[in-house]
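Examining the three-dimensional arrangement
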Amino acid sequence: MFEMDHPWWEFVVRGAAVYLILLVMVRVSGRRTVGQFTPFDLLVVMLLSEAVSNSLTGGDQSLIGGFIVAAVLVGLNMTMSFLSSHSKQMSDILDGSAVLLGRDGELYDKVMKRCRISREEVDQALRCADCDIKDMRCAFLEADGQITIQKK
């Protein structure tokens, strides 16, 4: 239970590698937040966690190995949050920035396709903002996945 199968530093390296690789994968995959997950998105996240669990511990079942990996993941998350809050460039890399989806009543189809945003999602944001498309000054896909509408 307390005896580790691998040296402590291997847990640190494994945890850091898995964290960074998953961070890149999640950033590349899109802007959906947990509240916006489709059932498929949620399934992918659950399967990802299962897929990388052995990568994190290398098959080690000790409590100490698990605590080391958990501490590395929490530490890396705190570090990324610190970097993101203290550097605009790191914030853009880690969190992303807003994308203009449309202006003056016109939606940019190519941008919406690239961001994997459907017309229905924009229409829903317009309804929430109580705004007709012709009264829209700008529509943005925010870094957190929300669509915000500015009225004329």
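What counts, and where the lines are drawn
- Residues numbered from 1 in each chain as written.
- Predicted model: local features only at pLDDT ≥ 70, side-chain atom pairs only at ≥ 80, totals over all residues.
- Heavy atoms only, no water.
- Pairing = 2+ DSSP bridges.
- Helix = DSSP H or I, 4+ residues; strand = E, 2+ residues; numbered from the N terminus.
- UniProt positions renumbered as here; feature names shortened; annotations may be inferred.
- Expected span 1.5 Å × (residues − 1).
- Buried < 20%, exposed > 50% of the residue type's maximum accessible area, 1.4 Å probe, protein only.
- Contact = heavy atoms within 4.5 Å.
- Polar contact = N/O pair within 3.5 Å; in protein donor to acceptor, adjacent residues only side chain to side chain.
- Disulfide = S-S within 2.5 Å.

Comments concerning the pairing of strand 4 (residues 147-151)
- As paired elements, strand 3 (residues 136-141) and strand 4 share five bridges and run antiparallel to each other. Bridging across to strand 4, Ala139 finds its partner in Ile149.
- Here strand 3 folds back onto strand 4, and the loop between the two strands holds five residues, one of which, Gly145, carries a positive phi near 95°.

Re the sheet that holds strand 4
- The antiparallel open sheet is built from four strands, whose spatial order is 2-1-3-4. Edge positions in the sheet fall to strand 2 (106-107) and strand 4, since each has one partner strand and no second.
- As defined by bridge partners, strand 1 (residues 99-103) adjoins strand 3 across four bridges and the pair is classed as antiparallel. Across the sheet, Val99 pairs through a bridge with Leu141, a residue of strand 3.

Focus: the UniProt feature "transmembrane region" (unreviewed entry) in the protein
- As recorded in UniProt, the feature "transmembrane region" (unreviewed entry) lies at residues 12-28 and 63-83.
- Annotated as 100% helix and 0% strand, the span residues 12-28 places its first and last C-alpha atoms 24 Å apart.
- Structurally, residues 63-83 is divided into 100% helix and 0% strand, and its ends, taken at the C-alpha atoms, are 30 Å apart.

Details of helix 3 (residues 63-86)
- In this model helix 3 runs 34 Å from its N-terminal to its C-terminal C-alpha over 24 residues, within 8% of the 34 Å that 1.5 Å per residue would give.
- Buried residues of helix 3: Gly65, Ile68, Val69, Val72, Leu76, Met80 and Ser84, and no others.
- Summarising the contacts, the buried residues of helix 3 are in contact with helix 1 (8-29), helix 2 (39-57) and helix 4 (88-94).
- Among the residues of helix 3, the N-terminal cap falls to Ser62, whose side-chain oxygen and the backbone nitrogen of Gly65 are separated by 3.1 Å.

Topic: the state of the cysteines
- Scanning the entire structure with this criterion turns up zero disulfides.
- This cysteine, Cys128, is not joined by any disulfide, and Cys131 carries the nearest cysteine sulfur, 12 Å off.

Some remarks on the environment of Leu101
- In this structure, Leu101 sits in strand 1.
- For the pair formed by Leu101 and Thr148, sequence separation is 47 residues and the distance between their alpha carbons is 9.6 Å.
- With sequence-adjacent residues up to four places away left out, Leu101 is seen in contact with Leu107, Tyr108, Val111, Met112, Ile117, Val122, Ala139, Phe140, Leu141 and Ile147.

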